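# Topology and contacts: notes
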Amino acid sequence: MEHTTENKKFQTIWEEIGISNDFLFGKVMQDADLCKELLQCILPQLQIDRIEYPELQKTISLHLDAKSIRLDVYVKDTTGSVYDIEMQVINTKELPKRTRYYQSMIDLQMIDKGEHYNKLKPSFIIFICPFDPFGKGRHIYTFENICKEDKEISLKDDTAKIFLNAAGTKEDGTEKLRAFLDYVAGKKSNDAFVQRLEEAVEKAKKNRNWRLEFMTLLMRDQENIEKGRKEGRKEGRKEGRKEGRKEGRKEGIQQLVSTLRDFAISDEVILQKIQEKFQLSKEEAEKFLH
C-alpha cells in the first residue's frame, strides 16, 4: 500500500514538472532541431548550420581525485564549437566558480598530450536560471575575457559564459529569447518556437520509458534521504544524544526540499509533502523553505 502511495506521489510530480526541470529539459533537447534553434536563439550572432546529436547527462572525470562534472546537454556544431547548456533551478551562489571549473574540464578533454593549444575550439557554457544571478534585471549576461585596463582589447580565447535569467525585467536580448525565458518562468506565449517546445514537453511527458526513468531517479533520491535520516537517528542513539536524532531529521527534510526544488516543484507542493511525511505543522514546515 505504501509503495502504491509513493508511486502516486511521484506520478503527480511528473505531471506537474515543466521545461525548467533539468531531467525533462534534457529529454526535450534530444530533438537536435529544437536544440539548435535554442542555441541560435541564445547566440543570434552565430550561424549554426548543424549540430551533432546532443549528448545528454555527459559526465567528465579526468582524474580519480578530481571532482567530476555531469553536464545536462553537451553539443558540438559542424565547426567543432562546444556548447554546454545547464538548467539551474536553485541559486547556489556558486555559479561563477562553477562555470570556471566546467570550462577547465571541457578544455582538458578537447586536446590530448602534445597537441597545440590552437586546437582548442570555441566553447560556450550556458546556464538557464529562473532567478536573477546578478540582480540587475537583465535577461542575458554574457561574460568574455577582456583587458581590465583597456576594454577594447579582447583576450580572444574563444570562451564565453552566459547566464540567462527568466526573471529579467529589462528589454534586453531578442524578443524570441525573452519569449523562451518567459516560458521557462511558466508563462504562456504565442511565439512559434515556444509553441514547438510546449508540444515537445507534452509529448515527452507521455513517454512511458522516460516517466519510469524519472520516477526511478526520484525514488532513488528518496531512498538516499531516508537512509540519511536513519543514519542520523542511529548516530544519535549511539551517542546517547537527542540532538543527533534531531540533526538527522533536519538533514533529511533539507535534502528532500533540495531534491524537489531540483525537479522544479513549487514551494506550495513541497510544503504539503514535508508536512505529511514528517508530521510537521505548517509553521514548522515553512522554516525549511527559507
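Residues numbered from 1 in each chain as written. Predicted model: local features only at pLDDT ≥ 70, side-chain atom pairs only at ≥ 80, totals over all residues. Heavy atoms only, no water.

This paragraph deals with the overall build of the chain. Each helix and strand in the chain was counted, giving 10 helices and 6 strands. Burial analysis of the chain (290 residues in total) assigns 42% to the buried set. Put simply, the chain shows about 17,200 Å² of open surface, and 48% of that area lies on carbon and sulfur atoms. (Helix = DSSP H or I, 4+ residues; strand = E, 2+ residues; numbered from the N terminus. Buried < 20%, exposed > 50% of the residue type's maximum accessible area, 1.4 Å probe, protein only. Areas by Shrake-Rupley, 256 points an atom, 1.4 Å probe, with all protein chains shown as cover.)

The next point concerns unusual backbone geometry. Glycine aside, negative phi is the norm for most residues, and most peptide bonds take the trans geometry. Despite not being glycine, Lys 156 has its phi angle at roughly 55 degrees, a positive value. As for its placement among the helices and strands, Lys 156 is situated in the loop between β5 (140–143) and β6 (159–165). Exposure remark for Lys 156: the relative accessible area of 68% places this residue in the exposed category. Phi is positive for Asp 158, close to 60 degrees, though the residue is something other than glycine. Note on placement: Asp 158 falls in the loop between β5 and β6.

Attention shifts here to the pairing of β6. Within a regular strand, the side chains alternate between the two sheet faces. Of all 7 residues in β6, 7 are buried, a share of seventy percent or more. A two-sided burial pattern is seen for β6, the buried positions comprising Thr 159, Lys 161, Phe 163 and Asn 165 on one face and Ala 160, Ile 162 and Leu 164 on the other. Inspection of the sheet shows strand β4 (residues 123–129) paired to β6 by 7 bridges, in the parallel sense. Pairing of Ser 123 across the sheet is with Thr 159, part of β6. (Pairing = 2+ DSSP bridges.)

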